[in-house]
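Survey of secondary and tertiary structure
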Amino acid sequence: GSVVSFLTDIFLNVLFRAEKTEVLSEDLLQVEKRLELVKQVSHSTHKKLTACLQGQQGAEADKRSKKLPLTTLAQCLTEGSAILGDDTLLGKMLKLCGETEDKLAQELIHFELQVERDVIEPLFLLAEVEIPNIQKQRKHLAKLVLDMDSSRTRWQQTSKSSGLSSSLQPAGAKADALREEMEEAANRVEICRDQLSADMYSFVAKEIDYANYFQTLIEVQAEYHRKSLTLLQAVLPQIKAQQEAWVEKPSFGKPLEEHLTISGREIAFPIEACVTMLLECGMQEEGLFRVAPSASKLKKLKAALDCCVVDVQEYSADPHAIAGALKSYLRELPEPLMTFELYDEWIQASNIQEQDKKLQALWNACEKLPKANHNNIRYLIKFLSKLSEYQDVNKMTPSNMAIVLGPNLLWPQAEGNITEMMTTVSLQIVGIIEPIIQHADWFFPGEIEFNITGNYGSPVHVNHNANYSSMPSPDMDPADRRQPEQARRPLSVATDNMMLEFYKKDGFKEVGTNSTQGPLWPAGGCGRPVRWPAVPSQPVPHPAQHPVALWTELPSGVLLGLGPALPSCSSSPGLSFCLYKHFEQIASHS
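Just so you know, the residues in each chain are numbered from 1, in the order the chain's sequence is written. Local features in a predicted model are, by the rule used here, given only for residues with pLDDT of at least 70; side-chain atom pairs are given and counted only at 80 or more, and totals for whole chains, interfaces and linings are based on all residues. Computation of side-chain values: all heavy atoms of the structure, hydrogens and water removed.

Structural notes on the overall build of the chain
- The helix count covers DSSP runs of H or I at least four residues long, the strand count covers runs of E at least two residues long, and both are numbered beginning at the N terminus. Along the backbone of the chain there are 22 helices and 2 strands.
- Burial classes: relative accessible area under 20% of the type maximum marks a residue as buried, over 50% as exposed, and values in between as partly exposed (1.4 Å probe, protein chains only). Out of the 590 residues belonging to the chain, those deemed buried represent 45%.
- Only heavy atoms matter for contacts: two residues are in contact if any of them lie within 4.5 Å across the pair. Of all intrachain contacts in the chain linking residues separated by at least 6 positions in sequence, the fraction that spans at least 24 positions is 77%.
- Of the roughly 30,500 Å² that the chain leaves accessible, carbon and sulfur atoms contribute 55%. For the area figures, the Shrake-Rupley method with a 1.4 Å probe applies, and any residue is considered shielded solely by the protein chains shown.

Here's what the structure looks like:
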């Protein structure tokens, strides 16, 4: 009988099983789905944010500081400062930077502690505690609902079977017991459902609090970066002040005004050092400024000048290296000594055919130079004028000096065709520099002290010209052989030589030299020779005394005047074109 009763219960349970009861509303079912999504996002964010911490998570500030990369860097910089010494620029920089990095490390520790407290830990609680508790409660409710449904099913089975039983009383008592059990289960479901619903609605209501975690993250980051920026902005002026106060700065390739301001000088150090040494050991050196020095010697001297340290005894035996360093300094200035601003005015002055007006125009341009440029060009021109007094020995006439140095004193700002620059522009610049050198005392009256700050010279003069070739040295680096086009710098030493040869080929060879009258050149197709006077045939008053220069013969630069025809060769209007074509051929083969 017991077996029959058991089988009957199974049959009725299958036959009368009720569907699972859903006790949550549609809104709460949507909240249940959102719970899982928020949990996933919070867990992922917590993991990535924790990975961003540089210090040890959960550790105190002191323990964090020891393992922080910024702290290690600060210690390294401070130790480096102690090794190099506070009296060196690098030592000062390392000390300042080390102190700053240490302060930044402390700000970083404070930032990470705040992020950990206000963002990382709340996200952990949300993803690993609060949402899992709600989900756990949801699973408990599902179990209670299942128990309630099972109790109801058993009660229904009992009620159905009572109709088949002959003893109604026992069946009624059993049904009552099952009913009580079902009611208790339903009561437990209701209590659990209410609690779960409250927690779910609370979760929805607190979403703004959860969003505030991320707002707090950005605010804490912003505050950290503001404090870090304040630290950096406070130390930057100190760093710059140390840099600016450091006198030993490179001069090659730096603006003239910047170098003079830093060094407290009126004449650029490379200019004064080279000129002073050349006055002692290079005035009689043949081909000075034209003969190429040894590339290694030139490089070494430039580096020494950049450090304001010059071994006078070593370089007094190598005047061509000194001259090469001076040319390099002028060539590497970001702006030519005669300025980009006045370039057009210089060129216009060179094109003037009347001698007195041309000199007046050149003088006007000189007076417009900035003070620093005017002082240095005056110093340099005075030296070149003195060098020309030895032209019988050194073969460097004002014309030759203008050819090799002119393109290093003035060049156009805009990049142009190299052939054009080597012809028209370079010839015009020569026509500017030559008369200024010839009449240096007229353009810059008064005596000048060359050795302003020290003695760079050597009393012994030796002719070293036999040791040099007019071509670049074999040990010259490829980078030194060829100037980059983008630098817009003047021509190289090799080009200087080529320009000199240009004036002496095909009917323009020097046939006579006189220290007072200058070289005599056959005029080629002009029909008669043209003589350039080394000095005006009449004394030329300074513009302050007479606004217009009075003289009857052309200065030497007029041969390079680049007008449609030379005034002394008016019968040959094609001379300028011949000059251009001849030089163009030389340039094409260089």
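Some points on the environment of Gln313
- Along the chain, the position of Gln313 falls in helix α11 (residues 312-315).
- For the pair Gln313 and Met277, spaced 36 residues apart in sequence, the C-alpha separation works out to 9.9 Å.

Describing helix α4 (residues 69-84)
- The end-to-end C-alpha distance of α4, which contains 16 residues, comes to 23 Å, matching closely the 22 Å that a straight helix rising 1.5 Å per residue would cover.
- Residues Leu70, Thr71, Ala74, Leu77, Gly80 and Ser81 constitute the buried set of α4.
- Positive phi appears at Gly85, one or two residues downstream of α4, with a value of about 95°. Helix span, expected: 1.5 Å multiplied by one less than the number of residues in the helix.

Some thoughts on unusual backbone geometry
- For Phe289, which is not glycine, the phi dihedral falls at a positive 75°.
- For Phe289, the location among the structural elements is in the loop between α9 (269-281) and α10 (295-306).
- Despite not being glycine, Lys395 shows a phi value in the positive range, around 65°.
- Note that Lys395 resides in the loop between α16 (391-394) and α17 (398-409).
- Since its relative accessible area comes to 45%, Lys395 is described here as partly exposed.

Some points on a nonpolar patch on the surface
- On the surface, a cluster of nonpolar side chains totalling about 330 Å² of accessible area is made up of Ile83, Leu84 and Leu90.
- With respect to the helices, strands and loops of the structure, Leu90 is situated in helix α5 (residues 89-161).
- Among the residues examined, Leu90 registers a relative accessible area of 57% and is labelled exposed. Residues forming no salt bridge and having over 30% relative accessible area are the ones grouped into patches, like charges within 9 Å of each other and nonpolar side chains (Val, Leu, Ile, Met, Phe, Trp, Tyr) within 5 Å. Should a side-chain nitrogen of Lys or Arg be within 4 Å of a carboxyl oxygen of Asp or Glu, the pair is scored as a salt bridge.

A word on the nonpolar core
- For this analysis, a nonpolar core means a set of buried residues of the types Ala, Val, Leu, Ile, Met, Phe, Trp, Tyr and Cys, connected via side-chain atoms within 4.5 Å. Core analysis: the largest hydrophobic core is formed by 70 residues, its most contacted members being Phe289, Trp346, Leu384 and Ile436.
- Membership of the second largest hydrophobic core comes to 37 residues, among which are Leu108, Ile131, Tyr210 and Val220.

A look at the packing of aromatic side chains
- Ring pairs shown here join Phe, Tyr and Trp side chains whose ring centres sit within 6.5 Å, with only the six-membered ring taken for Trp; geometry is labelled stacked below 30 degrees between planes, edge-to-face above 60, and tilted in between. Scanning the model with the defined rule gives 8 aromatic pairs in all.
- Arranged with centres 5.7 Å apart and planes meeting at 40°, the rings of Phe203 and Tyr210 form a pair that is tilted. The two residues Phe203 and Tyr210 agree in class, both being buried.
- Arranged with centres 6.4 Å apart and planes meeting at 70°, the rings of Phe289 and Phe383 form a pair that is edge-to-face.

Re the confidence of the model for the chain
- Note on scores: pLDDT gives the predictor's confidence for each residue, bounded by 0 and 100. Residue-level pLDDT values for the chain average 74, and 69% of them are 70 or greater.
- Mean pLDDT in the chain bottoms out at strand β1 (residues 520-521), which sits at 30, and peaks at helix α15 (residues 371-388), which reaches 94.
- Note that residues 164-169 has pLDDT below 50 and, in this model, 1 contact with residues that lie over four places away or in other chains.
- Below a pLDDT of 50 lies the segment residues 457-590, which in the model reaches 263 contacts outside its immediate sequence neighbourhood of four places, other chains included.

Here's the deal with the pattern of salt bridges
- Under the criterion given, the structure shown has 16 salt bridges.
- Where Arg152 meets Asp149, a salt bridge forms, and the shortest distance between an N and an O atom there is 2.8 Å. Of this pair, Arg152 and Asp149 both sit in helix α5, separated by 3 residues, roughly a single helical turn.
- For Asp149, a relative accessible area of 5% corresponds to the buried category.
- For Lys368, the salt bridge is made with Glu345, and the minimal N-O distance between the two is 3.1 Å. Residue Lys368 is found in the loop between α14 (355-367) and α15, and its partner Glu345 is found in helix α13 (residues 343-350); the two are separated by 23 residues along the sequence.
- What makes Lys368 exposed here is its relative accessible area of 51%.
- Ionic contacts of the salt-bridge type, sharing partners, join the residues Glu223, Arg226 and Lys227 into one network.

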